[in-house]
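A closer look at the structure
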Amino acid sequence: MKSSRSFSEFESPQWPIPCWRTGAATKDQPFEVDHYTDFAALQGKLAAQTGRLFAAINMKLEACVVNYHATTPSEIQSLEQLSTYLKQLIIRVSAEADPELQSSSTIFCLYQSNRWGRLKISEAAAKTLLSHLETFPPFLEVLQNFGMTKGPQNEGWGCMYGAITEPSAGEHDFTFECAYILRYPKLHDRPGSMDPWSVRQIGLYQKYTTLSKRGTYIILEPSSDLQRRLREVCKPGTHEVKDFLSHWTSFHLLCLGSLEGNWQQYINFLHEQVESIDNVVRFSSLNPQRDEAYLPKAEVTFQDMQRLQYFSDKLLRASHVLKTNISTLAAIAEESNKAQMLEDSTQSRRYTMLHKALSTKSREFGFILENTQSLCKRTERMTTVLRDAIALQDNQTMKDLARLSSQESDIMLRLTRDSIREAKAMKTITFVALVYLPASFTAAFCSMGYIKVQSLEGGISLAVSREMWFYMAMTLPLMLFTMTAWFCWERWSARRTKYLDDICRDRHPQDPDPLVG
């Protein structure tokens, strides 16, 4: 089958791609429908996502033409190389006359710069490639699940699109086209992460014509296992490559077989993390100082709650990804049933193999999903228990603080009582001193020698010394000076306090008490 593309179209590729159309549905072809695509909306939607999807530099596109006799891999690093490659591909397809050479497949692999990075292909190169391959519009929905993001926002989006043309050259001739996404867990090498696993995705596109047995494949971010399996299967001259080229179901069997079986290890890792938190909750105690020495000591913290919520979120996301994978496999089975109705009975074995593989993988995902959902329910119960345990610990802490506060209050009460007792003692001492103060003053004054007391017959004689005036002259001025100095100090202190109050009031007018402000 010759390509309908001409060389001149590579200079200005048509964009959006002309829509694939089918004839009207008939009784014999009830599953065929017309596609009504809003090209303007599709172009605008893709233009808005261009900066996120495509990288302007460091282009890396791997292409490989596979037939029974040879496998021709190529690495394309620029738009010019891609245009030249597609031109040569048209020439090669047009020149092939050998039926075994005509039964060939072309595989294109696109990569991201990192897990959440842009695709390593420019916008112009992507448009050129998709325009040449005449991919159906739903493939762009798959494409938009890739590109640069700030997190795993696209993990929850599942999609599978299929289309079958009506027979044209013969009764059993049709073109099968599909695009879908499968996701799988994989270990990463990012240091310092609580979870060493990350969920990866593979975007797959296939266009296969049964009459010429020509297939076109686009693989977005292929896994290492899928790349290895493609190299093993596509060895020239082997039975595997002949089987791969002979029917469209072989590609999906290869993809299902290479889908990394790390789901069990990933869920087991999450189970271990949840179990470790459960052990902390199980052996935690409100009063570890009162526990027996032989019991393990543990105390739940808010960090345990954060860890539990983190892994609970991981389990919910894994559960949703498993559901989308199961739905995708069911959609592939539905599309294969439509295609089987167009083929003769000689190909029934291939459809049986595909349905068996899809059923087996769906059953496997279903068992893992049941385990994941069981863990999700367990984390919900653990969250409630952990929250109650933290609340009880906080309550116990408040009780301990209240007990300590009560003890401090008792201590303050005892100190207050002691202070009162000391104050009473000082009061008694002061009263006794006041009682004896006049006598002490009189004894001291009389002992200075200024006044002499003599006993006479019938009375008492007082003789005042002439030096008495000197004592009075010294004592009264000093007493007057002391009282005056005290009075002045008090006035100055009051004025200074008022001045400082006025300054504070001016600086903080909103404060009712400027000293507090």
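Heads up: these notes are all about the structure in this document. (Residues numbered from 1 in each chain as written. Predicted model: local features only at pLDDT ≥ 70, side-chain atom pairs only at ≥ 80, totals over all residues. Heavy atoms only, no water.)

Some remarks on the overall build of the protein
Looking only at helices and strands, the protein has 12 helices and nine strands in total. The buried share of the protein, reckoned over its 517 residues, is 39%. When contacts within the protein are restricted to residue pairs at least 6 apart in sequence, those whose partners lie at least 24 apart make up 70%. By element, 58% of the accessible surface of the protein is carried by carbon and sulfur atoms, the whole surface being about 29900 Å². (Helix = DSSP H or I, 4+ residues; strand = E, 2+ residues; numbered from the N terminus. Buried < 20%, exposed > 50% of the residue type's maximum accessible area, 1.4 Å probe, protein only. Contact = heavy atoms within 4.5 Å. Areas by Shrake-Rupley, 256 points an atom, 1.4 Å probe, with all protein chains shown as cover.)

A short note on the pairing of strand S3 (residues 105–110)
Among the six residues of S3, six are classified as buried, and the element is accordingly described as predominantly covered. Of the two faces of S3, both are covered, the one formed by Ser105, Ile107 and Cys109 as well as the one formed by Thr106, Phe108 and Leu110. Here strand S1 (residues 61–66) runs beside S3; their pairing, made up of six bridges, is antiparallel. Bridge pairing in S3 places Val65 opposite Thr106. Judged from the six bridges that link them, S3 and strand S7 (residues 214–220) form a sheet pairing that is parallel. Bridge pairing in S7 places Ser105 opposite Gly215. (Pairing = 2+ DSSP bridges.)

Structural notes on the packing of helix H10 (residues 302–340) against helix H11 (residues 348–446)
Where H10 contacts H11, the two axes come as close as 8 Å, and the packing angle between them is 160 degrees. Classed by the angle they form, the pair H10 and H11 counts as roughly antiparallel. In this structure, H10 meets H11 at a crossing whose hand is left-handed. Considered class by class, the residues forming the contact of H10 with H11 number 23 nonpolar, 15 polar and four charged. (Axes fitted to C-alpha atoms, helices over the stretch in contact; angles between N-to-C directions. Parallel < 35°, antiparallel > 145°, perpendicular 65-115°, else oblique. Left-handed = near helix turned anticlockwise from the far one by under 90°. Nonpolar A, V, L, I, M, F, W, Y, C, P; charged D, E, K, R; others polar.)

A look at the sheet that holds S1
Pairing between sheet strands relies on hydrogen bonds along the backbone, with the strands arranged either parallel or antiparallel. Reading across the sheet, the seven strands line up as S2-S1-S3-S7-S6-S5-S4 and stay open at both edges, with mixed pairing between neighbours. Every other strand in the sheet has two partners, leaving strand S2 (71–76) and strand S4 (160–164) as the edge strands with one partner each. In this sheet, neighbouring strand axes are inclined to one another by 15 degrees on average, regardless of whether the strands run parallel or antiparallel. Packing of helix H7 (residues 239–246) onto the sheet brings it into contact with S1, S3, strand S6 (197–209) and S7, and relative to S3 it is tilted by some 90 degrees.

Some points on the pattern of salt bridges
Taken as a whole and judged by the stated rule, the model has 15 salt bridges. One salt bridge connects Arg228 with Asp225, and the closest N-O pair in it is separated by 3.7 Å. With Arg228 and Asp225 both in helix H6 (residues 224–233) and three residues apart, the pair spans about one turn of that helix. Lys498 serves as the salt-bridge partner of Asp502, at 3.5 Å between the closest nitrogen and oxygen. Of the two residues, Asp502 and Lys498 both sit in helix H12 (residues 468–507), four residues apart, roughly one turn of that helix. Look at Asp502 and you get partly exposed, because its relative accessible area is 31%. One continuous salt-bridge network, built from bridges that share partners, spans Asp225, Arg228, Arg229 and Glu232. (Salt bridge = Lys/Arg side-chain N within 4 Å of Asp/Glu carboxyl O.)

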